[in-house]
Amino acid sequence: MDYVDGFIAAVPTANQDVYRRHAETAAAVFKEHGALSVVECWGDEVPAGKLTSFPMAVQCQPDETVVFSWITWPSKQVRDEGMKKVMADARLQPDTNPMPFDGKRLIYGGFRMIVNA
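Just so we're clear, the structure is a prediction, and the values are computed from it rather than from any experiment.

1. Comments concerning a nonpolar patch on the surface
Line of reasoning, step 1. Residues Val46, Phe54 and Phe68 make up a contiguous nonpolar surface patch of about 240 Å² in total accessible area.
Line of reasoning, step 2. Relative to the assigned elements, Phe68 resides in strand 3 (residues 64-73).
Line of reasoning, step 3. Judged by its relative accessible area of 38%, Phe68 falls in the partly exposed class.

Right, here's the structure in full:
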């Protein structure tokens, strides 16, 4: 079954177009290195919580928007090999394509898919 990398970040709202361009470049690189798909979602209805929430998790500021993203891979092995290549790819190095958000507040993880209906 497929393997999924998931991401949540707080992006300055004014950087939406810059973020989209950054994500489009990254998507092409991920797919070249084995990813099946890359999905980037700009927060539209993301309520603040009292105990937990997406905005709280990434310390979203009033001038920022929560972004929710995921990458699907055919397997964890393909992901592990592909991710090494992605991290070494010159097109995604900070001096070439800097992240248009605070990467210290990025939440990410790898997940084994157990249902795909």
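2. Some thoughts on the nonpolar core
Line of reasoning, step 1. Tyr3, Phe7, Ala26, Val29, Phe30, Ala35, Ile71, Trp73, Met83 and Val86 together form the largest nonpolar core, which totals ten residues.
Line of reasoning, step 2. Looking at this core, the elements with two or more residues in it are strand 1 (3-12), helix 1 (16-32), strand 3 and helix 3 (76-88).
Line of reasoning, step 3. In terms of residue count, helix 1 provides more of this core than any other element does, three residues in total.
Line of reasoning, step 4. Counting residues in each nonpolar core, the second largest holds six residues, with Ala9, Val11, Val67 and Phe101 among its members.

3. A look at the layout of surface pockets
Line of reasoning, step 1. A volume near 770 Å³ is recorded for the largest pocket.
Line of reasoning, step 2. Together, 31 residues line the largest pocket, and Phe7, Phe30, Met87, Met99 and Leu106 are the ones closest to its centre.
Line of reasoning, step 3. If you tally residues by element for the lining of the largest pocket, the top one is helix 1, at six residues.
Line of reasoning, step 4. For the lining of the largest pocket, the class distribution of residues is 20 nonpolar, eight polar and three charged.
Line of reasoning, step 5. Approximately 170 Å³ is the volume found for the second largest pocket.
Line of reasoning, step 6. Taken together, Gln16, Asp17, Tyr19, Arg20, Ala23, Glu24, Glu40, Cys41, Trp42 and Val67 make up the full set of residues lining the second largest pocket.

What counts and how
Residues numbered from 1 in each chain as written. Predicted model: local features only at pLDDT ≥ 70, side-chain atom pairs only at ≥ 80, totals over all residues. Heavy atoms only, no water. Patch = residues over 30% accessible without salt bridge, like charges linked within 9 Å, V, L, I, M, F, W, Y side chains within 5 Å. Areas by Shrake-Rupley, 256 points an atom, 1.4 Å probe, with all protein chains shown as cover. Salt bridge = Lys/Arg side-chain N within 4 Å of Asp/Glu carboxyl O. Helix = DSSP H or I, 4+ residues; strand = E, 2+ residues; numbered from the N terminus. Buried < 20%, exposed > 50% of the residue type's maximum accessible area, 1.4 Å probe, protein only. Core = buried A, V, L, I, M, F, W, Y, C linked by side-chain atoms within 4.5 Å. 1 Å grid on protein atoms, 1.4 Å probe; cavity = no way out; pocket = protein on both sides within 12 Å on 5 of 7 lines; lining within 4 Å. Points joined across faces, edges and corners; volume = space filled by probe spheres on them. Nonpolar A, V, L, I, M, F, W, Y, C, P; charged D, E, K, R; others polar.

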